[in-house]
Amino acid sequence: MEDATILDFEFEAHASPVAVADREALLQNPGFGKVFTDHMVVIKYSVEKGWHDARVQPRGPIQIDPACAVLHYAQEIFEGMKAYRMPDGGAALFRPEANAKRFRDSAERMAMVPLPEELFLSSVRELVRIDRDWIPNSEGGSLYLRPFMFASETFLGVKPASEYLYMVIASPAGAYFKGGAPSVTLWISEHYTRAAPGGTGAAKCGGNYASSLIAQAEAIRNECDQVVFLDAVENKWVEELGGMNTFFVFEDGSIQTPPLGGTILPGITRESLLTLARDAGITVREERYSIDQWEADARSGKLREAFACGTAAVVTPIGRVRGRETDFTIGNGGPGILTEKLRADLVAIQRGEAPDPHGWLKRLF
Ligand SMILES: *Cc1c(COP(=O)(O)O)cnc(C)c1O
C-alpha cells in the first residue's frame, strides 16, 4: 500500500474550460453555490488498496450504482472553507488544518475511514492552484471549497462501507452582503430538534441538514429567515441554527456562546471569534443560555446584540426572534456595534488586510 499521506495527484486538464470572458462574467455576480470551477478532486478508498487514485480532473457528473450505500444509509460528510484573494494578488486558505481535523472527526463519528489530514490539505491546495483564476478579485468575494466523502460501495447490507469516494469541488462566491449583513429573524422550532446527546450533532454530515429542512421550511412559512434549534432534552437551551453557531453580547460588554458538547457543531468561525474576543480583552463565556433568559434579557436591555456565525456568511446579526407564542427584538433590531467590530476584525485577517497573530492564513501562492 502506498503511503496515503503523500499520494501524487494525477492531473487531467479540462479539454474545454470556461472561456475567459465567460468566466469573468460569471465572477461578476456568482451568488452562492451555483457557479463551479473547471476541475474537481477525486480520491478513492478501498479496503484492499487504501487511499488511491488521487486525481484532479475535469468537473462533471459521476456514475454510481443504484445500490451505492450512501443513497440508502447516508454515510456522508462534508466541509466548507474558503480561499481568499490576498491584497498582493496571491491567495490563502483560512485555518485549513482545522477543517482537515474536523473532517477526520466527522468521519470517525460516521464510522467512515478518515482521510489523512495531509491528503485533505494537499487536495484542496491542488484544486485551488489549478483553478486559481476562479478566485474572485471583487470585494467580499472568495472561492468556496466543498470537500466531501461518501460510502461508495455497492451493497445494501447495513454496515460501515468498505469503499469511499472523497471529492472536492469549488464554487466562487460573491460578497454575501455588501458592507455587512442585514439582521435576520429567527424562528424557534418547537417540534423539531437538530441534535440529541449521543447523536451526530457535532459531525458535519448531510443527514443533519436533511433533518433540519422541515424546520427551516416552517421558519419560512412564518416569515422568518432561519431556525434556531433548542436542545433536544429540555427544549430550553439555545443551541445553534441549521448551519451557524450563535453568540450573545451583553450590556457589560461580555459575550457568550453555548458550549460544545456533542450536540453543537464546533464551528471554526465560532472558535476564531472567541479567540479574537479574548485577544481584545472581552470577557467570554461558553455557557448555556435558555430561550426564556434570552427573551427576558432582550426585553430588559441586558442583552444588547446577538449574532450567528459560519464560514459562508461569516457573521449574521440576529435582529428578532419569533416562536408560536414569542416575539422579541434584540437591541434596535439592526446590527450591533460589537457584532460589526468582530465581523470586521475577522474579515480583515481572512483577507490579509490585518496582522495575523495566530498564523491562521495559509498562503497558496
Ligand atoms: C459548518 C457548520 C457551522 C459553522 O462552522 P464553520 O466552521 O464556522 O463554518 C455551524 N453549524 C453547523 C451545523 C454547521 O454545519
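Keep in mind that what you see is a predicted model, and the values were worked out from it rather than measured. (Residues numbered from 1 in each chain as written. Predicted model: local features only at pLDDT ≥ 70, side-chain atom pairs only at ≥ 80, totals over all residues. Heavy atoms only, no water.)

**What to know about the overall build of the chain**
And then number 1: The secondary structure content of the chain amounts to eight helices and 18 strands.
And then number 2: Computed over C-alpha atoms, the radius of gyration of the chain comes to 21 Å, within 12% of the 21 Å expected from 2.2 N^0.38 for 365 residues, which places it in the range of a compact globule.
And then number 3: For the chain, the C-alpha atoms occupy an extent of roughly 60 × 50 × 35 Å along the three principal directions.
And then number 4: Here the chain holds 365 residues, and 53% of them are scored as buried.
And then number 5: Partitioning the contacts of the chain with sequence separation of at least 6, the portion at a separation of at least 24 is 72%.
And then number 6: Of the roughly 16,200 Å² that the chain leaves accessible, carbon and sulfur atoms contribute 51%.
And then number 7: In the chain, the 38 positive side-chain charges and the 49 negative ones have mean positions that sit 2 Å from each other. (Helix = DSSP H or I, 4+ residues; strand = E, 2+ residues; numbered from the N terminus. Rg over C-alpha atoms; globule rule 2.2 N^0.38 Å. Buried < 20%, exposed > 50% of the residue type's maximum accessible area, 1.4 Å probe, protein only. Contact = heavy atoms within 4.5 Å. Areas by Shrake-Rupley, 256 points an atom, 1.4 Å probe, with all protein chains shown as cover. Lys, Arg positive; Asp, Glu negative; His and termini not counted. Charge placed at Lys NZ, Arg CZ, Asp CG, Glu CD.)

**Concerning the site of the ligand**
And then number 1: For the ligand, the set of nearby residues contains 15 residues, the closest of which are K204, Y209, E240, T269 and T311.
And then number 2: The side chain of K204 places a nitrogen or oxygen atom 2.7 Å from an oxygen atom of the ligand.
And then number 3: In the environment of the ligand, a nitrogen atom lies 2.5 Å from a nitrogen or oxygen atom belonging to the side chain of E240.
And then number 4: Spatially, the ligand is embedded in the largest pocket.
And then number 5: Here the residues of the shell around the ligand are counted per class, giving four nonpolar, seven polar and four charged. (Near = heavy atom within 4 Å. Polar contact = N/O pair within 3.5 Å; in protein donor to acceptor, adjacent residues only side chain to side chain. 1 Å grid on protein atoms, 1.4 Å probe; cavity = no way out; pocket = protein on both sides within 12 Å on 5 of 7 lines; lining within 4 Å. Sits in = over half its atoms within 2 Å of the grid points. Nonpolar A, V, L, I, M, F, W, Y, C, P; charged D, E, K, R; others polar.)

**Considering the packing of helix α6 (residues 268–279) against helix α8 (residues 337–350)**
And then number 1: Contact pair α6 / α8: the axes reach a minimum separation of 10 Å and the direction vectors enclose 105 degrees. By the criterion of interaxial angle, the relationship of α6 to α8 is roughly perpendicular. Contact residues: T269, S272, L273, L276 and A277 in α6; L342, D345, L346 and I349 in α8.
And then number 2: For the contact of α6 with α8, the per-class residue count stands at six nonpolar, two polar and one charged. (Axes fitted to C-alpha atoms, helices over the stretch in contact; angles between N-to-C directions. Parallel < 35°, antiparallel > 145°, perpendicular 65-115°, else oblique.)

**Re the environment of H14**
And then number 1: The residue H14 is located in the loop between β1 (10–11) and α1 (20–28) in this model.
And then number 2: Sequence separation of H14 and L119 is 105 residues, and the distance between their C-alpha atoms is 22 Å.
And then number 3: Look past the residues within four positions of H14 in its chain and what remains in contact with it is D38, H39, P58 and R59.
And then number 4: Polar contacts involving the side chain of H14 include one to the main-chain amide nitrogen of S16, which spans 3.0 Å.

**Concerning empty space enclosed by the protein**
And then number 1: One pass over the full model with this rule turns up one cavity of 30 Å³ or more.
And then number 2: What the largest cavity holds in volume is close to 100 Å³.
And then number 3: Forming the boundary of the largest cavity are G80, M81, K82, Y84, F94, N99, I268, T269, G310, T311, V314 and Q350.
And then number 4: The biggest single contributor to the lining of the largest cavity is strand β5 (residues 81–85), with three residues. (Points joined across faces, edges and corners; volume = space filled by probe spheres on them.)

**Overview of the pattern of salt bridges**
And then number 1: The tally for this structure, following the rule as stated, stands at 23 salt bridges.
And then number 2: Across the salt bridge formed by E286 and R270, the nearest N and O atoms sit 2.7 Å from each other. In this pair, E286 sits in strand β14 (residues 284–286) while R270 sits in helix α6, placing the two residues 16 residues apart along the sequence.
And then number 3: Residue classification places E286 among the partly exposed residues on the basis of a relative accessible area of 37%.
And then number 4: Residues E295 and R299 are paired through a salt bridge, measuring 2.6 Å at the closest nitrogen-oxygen approach. Taken together, the residues span about one helical turn, with E295 and R299 both in helix α7 (residues 291–300) at a distance of four residues.
And then number 5: Note on R299: relative accessible area 55%, which makes it exposed.
And then number 6: What you see here is one network of salt bridges that share partners, running through R23, E24 and D133. (Salt bridge = Lys/Arg side-chain N within 4 Å of Asp/Glu carboxyl O.)

**A word on α8**
And then number 1: For α8, with 14 residues, the first-to-last C-alpha span of 20 Å sits near the 20 Å given by 1.5 Å per residue.
And then number 2: Taken residue by residue, α8 has L338, T339, L342, R343, L346, V347, A348, I349 and Q350 as its buried positions.
And then number 3: Phi for G352, located one or two positions after α8, is positive at around 70 degrees. (Expected span 1.5 Å × (residues − 1).)

**Observations regarding the domain arrangement of the chain**
And then number 1: On domain assignment, one finds that the chain holds domain 1 (10–174) and domain 2 (179–350).
And then number 2: Counting residues at the interface gives 19 residues for domain 1 and 19 residues for domain 2.
And then number 3: Between domain 1 and domain 2, the buried area comes to about 1,600 Å², and carbon and sulfur atoms account for 60% of it.
And then number 4: Looking only at domain 1, the three residues that lose the most surface to domain 2 are F78, F94 and R102, adding up to 37% of its buried area.
And then number 5: In this structure, the connection of domain 1 to domain 2 is made through one salt bridge.
And then number 6: For R95, the salt bridge goes to E271, with nearest N and O atoms at 2.8 Å.
And then number 7: On inspection of domain 1 and its partner domain 2, the count reaches 11 residue pairs in polar contact (both at pLDDT 80 or more).
And then number 8: When contributions to the side of domain 1 that touches domain 2 are tallied by element, the ones reaching two or more residues are β4 (76–78), β5 and α3 (96–109). (Domains from an automatic or database assignment. Buried area = accessible area lost by both parts, 1.4 Å probe.)

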